[in-house]
Amino acid sequence: MLAVIGLLTFGLLSKGSSGIALGEAAPTSPLPRLEGEGSGSLADYRGRWVLVNFWASWCIPCREEAPALERFQQRHGDARFTVLGVDSRDLSGDGRAFVRRFELSYPQLRDGNGDAAHEYGTTGVPENFLVDPAGRVRLLVRGPVSEEYLDRYVAPLLPGGKS
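Residues numbered from 1 in each chain as written. Predicted model: local features only at pLDDT ≥ 70, side-chain atom pairs only at ≥ 80, totals over all residues. Heavy atoms only, no water.

**Details of the pattern of salt bridges**
In total, this model carries six salt bridges according to the counting rule given. Among the salt bridges present, the one from E147 reaches R75, with a minimum N-O distance of 3.0 Å. Placement of E147 in helix α5 (residues 147–154) and of R75 in helix α2 (residues 60–76) is noted, with a sequence separation of 72 residues between them. Each of the salt bridges in this network shares a partner with another, and the network as a whole consists of R71, R75, E147 and D151. (Salt bridge = Lys/Arg side-chain N within 4 Å of Asp/Glu carboxyl O. Helix = DSSP H or I, 4+ residues; strand = E, 2+ residues; numbered from the N terminus.)

**Points about unusual backbone geometry**
Of note, the amide linkage connecting V125 to P126 takes the cis form, showing an omega dihedral of -5 degrees. Here P126 is to be found in the loop between α4 (115–120) and β6 (127–131). Positive phi, normally seen in glycine, also occurs at E103, with a value near 50 degrees.

**A short note on the packing of α2 against α5**
Axis separation between α2 and α5 bottoms out at 9 Å; the angle between their running directions is 40 degrees. With respect to α5, the axis of α2 lies oblique. Note on element contacts: α5 touches α2 through E147, L150, D151 and V154, opposite A68, L69, R71, F72, R75 and H76. Considering only residue class, the contact of α2 with α5 consists of five nonpolar, one polar and four charged. (Axes fitted to C-alpha atoms, helices over the stretch in contact; angles between N-to-C directions. Parallel < 35°, antiparallel > 145°, perpendicular 65-115°, else oblique. Contact = heavy atoms within 4.5 Å. Nonpolar A, V, L, I, M, F, W, Y, C, P; charged D, E, K, R; others polar.)

**Here we look at the side chain of D111**
Summarising the element assignment, D111 is placed in strand β5 (residues 108–111). For the buried D111, which has no salt bridge, the nearest side chain bearing the opposite charge is R89, at an N-O separation of 5.8 Å. A distance of 3.0 Å separates the side chain of D111 from the backbone nitrogen of D115, its partner in a polar contact. Residues contacting D111, with those up to four places away along its chain left out, are L31, F54, V86, D87, S88, R89, A116 and A117. (Buried < 20%, exposed > 50% of the residue type's maximum accessible area, 1.4 Å probe, protein only. Lys, Arg positive; Asp, Glu negative; His and termini not counted. Polar contact = N/O pair within 3.5 Å; in protein donor to acceptor, adjacent residues only side chain to side chain.)

**A closer look at the environment of R89**
With respect to the helices and strands, the residue R89 is situated in the loop between β4 (81–88) and α3 (92–101). Take R89: its relative accessible area is 36%, and that puts it in the partly exposed class. It is 9.8 Å that separates the C-alpha atoms of R89 and W58, two residues lying 31 residues apart in sequence.

**Focus on the packing of aromatic side chains**
Per the stated rule, a full pass over the model turns up seven aromatic pairs. A network of ring pairs unites the aromatic residues F54, Y120 and F129 as a single cluster. (Phe/Tyr/Trp six-rings, centres within 6.5 Å; stacked < 30°, edge-to-face > 60°.)

**Concerning the state of the cysteines**
On inspection of all chains with the given rule, the structure shows one disulfide. What pairs with C59 in a disulfide is C62, and their sulfur atoms sit 2.4 Å apart. An S-S torsion of about 85 degrees defines the bridge between C59 and C62 as right-handed. Each member of the pair, C59 as well as C62, carries the same accessibility label: buried. (Disulfide = S-S within 2.5 Å.)

Printed below as a string of structure tokens:
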């Protein structure tokens, strides 16, 4: 049992150490759209602020933060900002059911095997990366975000500094 815990801890620590840092360019590899056909990428949103949210349907903290992200998108989503969901290491059907359950209106991509999560250096889900219009990471939150966090730390960075 201790060996398994040790290996998991080592894996998380080594995985997290290869992640992108604040100020670095965010990865833009294309991913399939969770709903619908085709693919999408963070590059599709160049010139906008984007909150990239890595989540999975089986993740309890993801379920807790989903309503706050949707409310934030409803208040701030426009031509200058969007939340971009990335369903990671999940079954497509479960991810689509999650989107319907929480009535998420922002775009969703599918990272079935976790390659994009690895590029970002995530250590789990949920994780959130605020990317500026030039494609650089400005905020990173490992773990769920709350409505209070979004209003206090994300909203002031958006055009007009609205909260």
